[in-house]
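These are the residues of each chain, in order.
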Amino acid sequence: MRLPLRAEALAATMAIVLATLFVGFPNPPREADATAASPTTTDPVLTELGNRDALSIGDASGPFVVGLTILPPKPGSAEIRVQVLGVDAGDGLRDAHLKGSSGSASVDVSVDGVCGLGCFTGSAWFATAGDWRLEVNIDSNRGPISIAESVPLPAPDGSAALARALRAEEALKSALMTERLSGSVGGPTYDTTFKFQAPDKAEFTLKDSTTILAGEQRFQRTGSGTWDTSTFPPPGFSWPTGYYREFWGAAAAPRQLGTETVAGEPTQVIAFLRPDVPAWFRIWVVESDGLVRREDMRAEGHIMDHTYSDLNGRIVVTPPT
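Residues numbered from 1 in each chain as written. Predicted model: local features only at pLDDT ≥ 70, side-chain atom pairs only at ≥ 80, totals over all residues. Heavy atoms only, no water.

Student: I would appreciate a short explanation of the packing of aromatic side chains in the present structure.
Tutor: Aromatic ring pairs are reported here in terms of the distance separating the ring centres and the angle at which the planes meet. Inspection of every chain in the model, using the stated rule, returns 14 aromatic pairs. With a centroid separation of 5.2 Å and 15° between ring planes, the pair formed by Phe 196 and Trp 239 is classed as stacked. You can see Phe 196 sitting in strand E11 (residues 189-197) and its partner Trp 239 sitting in the loop between strand E15 (228-231) and helix H3 (243-248), a full 43 residues away along the chain. Between Phe 247 and Phe 281, the ring centres sit 6.3 Å apart and the planes meet at 90°, which makes this aromatic pair edge-to-face. Of this pair, Phe 247 sits in helix H3 while Phe 281 sits in strand E18 (residues 279-286), placing them 34 residues apart in sequence. (Phe/Tyr/Trp six-rings, centres within 6.5 Å; stacked < 30°, edge-to-face > 60°. Helix = DSSP H or I, 4+ residues; strand = E, 2+ residues; numbered from the N terminus.)

In structure tokens:
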């Protein structure tokens, strides 16, 4: 019974943040060899990050998602929090370690304070400002856990940049979104393309099942079969109004990580956390227009990457009559 229970708990959790997207969407895969179904204890510090000077980033390692939080994200003394999601009681997590470097400066510390199941705390001294390459390594009974990240210290506040991106997204008329979704690193992957048309339509096909959302109606069919019609939960589906705020509106600790080129366009990378899930997000925002070209999310059982294209293109979603 462990896998169905895991799937139900995961679906309930993700509904908080992804209600508009995952209604009618299949539960992502969960590793078949996962052991006892004991839930992860979330670090209570994460819920306080909206009021603290912090950087929180996350990535996946095998069946786990690892969040690294630095308070404050600047040179000097800092509190370190490491939160591992997807932990079972028999995993025996131990020997959490943080190491990193920036030029000739380095940090190498044990994060050996325990703040719950899969939760570790410690402190570090960052000797200089600059771009730091950081690694978190943890031993477990399911093998080593590790993530590596590059972050600037100090990490500039990203609140204004995130707000600009939200405004730009909510002015869109249409878009294509390609999603790559997996439950664990190396596990089965689902690739799906979504079509969005303002103000309230979306269409996507997964395997041989097609779903169309149109305001308060949802249409689904398998292959070329007949359409089944049902009611979308109130107040109905909408895009882009409300859609992106469902993802990003309750963000905590938004920080700018630097710039990267995506599809030939210079973008600003913004990282933030949804403590209520928890889920770590990263978005790539085009500097010229504020629109998002790429989005990554890391949460328990959800390793999700989005790429956006054909923004304001000639995309039409036509519900069946």
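Student: What is the right way to read unusual backbone geometry from this model?
Tutor: A negative phi angle is the norm for most residues apart from glycine, just as the trans form is the norm for most peptide bonds. Put simply, Leu 153 and Pro 154 share a cis peptide bond, and its omega is 5°. Across the junction of Trp 239 and Pro 240, the peptide omega takes the value 0°, indicating a cis bond. Backbone geometry places Ala 253, a non-glycine residue, at a positive phi of 55°. Inspection of the secondary structure puts Ala 253 in strand E16 (residues 252-262). Residue Ala 253 is classed as buried on the basis of its relative accessible area of 7%. Positive phi outside glycine occurs at Asn 312, with the angle close to 60°. Its location among the elements puts Asn 312 in the segment after strand E20 (302-309). Exposure remark for Asn 312: the relative accessible area of 43% places this residue in the partly exposed category. (Buried < 20%, exposed > 50% of the residue type's maximum accessible area, 1.4 Å probe, protein only.)

Student: Could you clarify how one ought to interpret the pattern of salt bridges in this entry?
Tutor: For side chains bearing opposite charge, pairing can occur when the charged atoms are close. As enumerated under the stated definition, the model contains 18 salt bridges in all. Ionic pairing is found between Glu 79 and Arg 52, a salt bridge with its closest N-O pair at 3.2 Å. Of this pair, Glu 79 sits in strand E3 (residues 76-85) while Arg 52 sits in the loop between helix H1 (2-22) and strand E1 (55-61), and the two are 27 residues apart along the sequence. Residue Asp 289 is joined to Arg 293 by a salt bridge in which the shortest nitrogen-to-oxygen separation is 3.5 Å. If you follow the salt bridges from partner to partner, you end up with Asp 43, Arg 52, Glu 79 and Arg 81 in one network. (Salt bridge = Lys/Arg side-chain N within 4 Å of Asp/Glu carboxyl O.)

Student: Help me understand the side chain of His 306 in this model?
Tutor: Secondary-structure assignment places His 306 in strand E20. On the basis of relative accessible area, His 306 is assigned to the buried category, the value being 1%. A polar atom in the side chain of His 306 sits 2.7 Å from the side chain of Glu 179. (Polar contact = N/O pair within 3.5 Å; in protein donor to acceptor, adjacent residues only side chain to side chain.)

Student: I keep staring at the side chain of Glu 169 and nothing clicks. Help me out?
Tutor: Structurally, the position occupied by Glu 169 is in helix H2 (residues 159-169). No salt bridge is formed by the buried Glu 169, whose closest oppositely charged neighbour, Arg 293, lies at an N-O distance of 6.1 Å. If sequence neighbours within four positions are ignored, Glu 169 has contacts with Pro 240, Tyr 244, Trp 248, Leu 291 and Val 292. (Lys, Arg positive; Asp, Glu negative; His and termini not counted. Contact = heavy atoms within 4.5 Å.)

Student: Any chance you could explain the sheet that holds strand E5 (residues 105-110) here in plain terms?
Tutor: Pairing within the open sheet is antiparallel, and its four strands lie in the order E5-E4-E8-E9. Each edge of the sheet is formed by a strand with only one pairing partner; in this case those strands are E5 and strand E9 (145-153). Sheet twist, expressed as the mean angle between neighbouring strand axes with direction ignored, is 15°. For strand E4 (residues 94-102) and E5, the ladder comprises six bridges, and the chain directions are antiparallel. For His 97, the partnering residue across the bridge sits in E5 and is Ser 110. (Pairing = 2+ DSSP bridges. Axes fitted to C-alpha atoms, helices over the stretch in contact; angles between N-to-C directions.)

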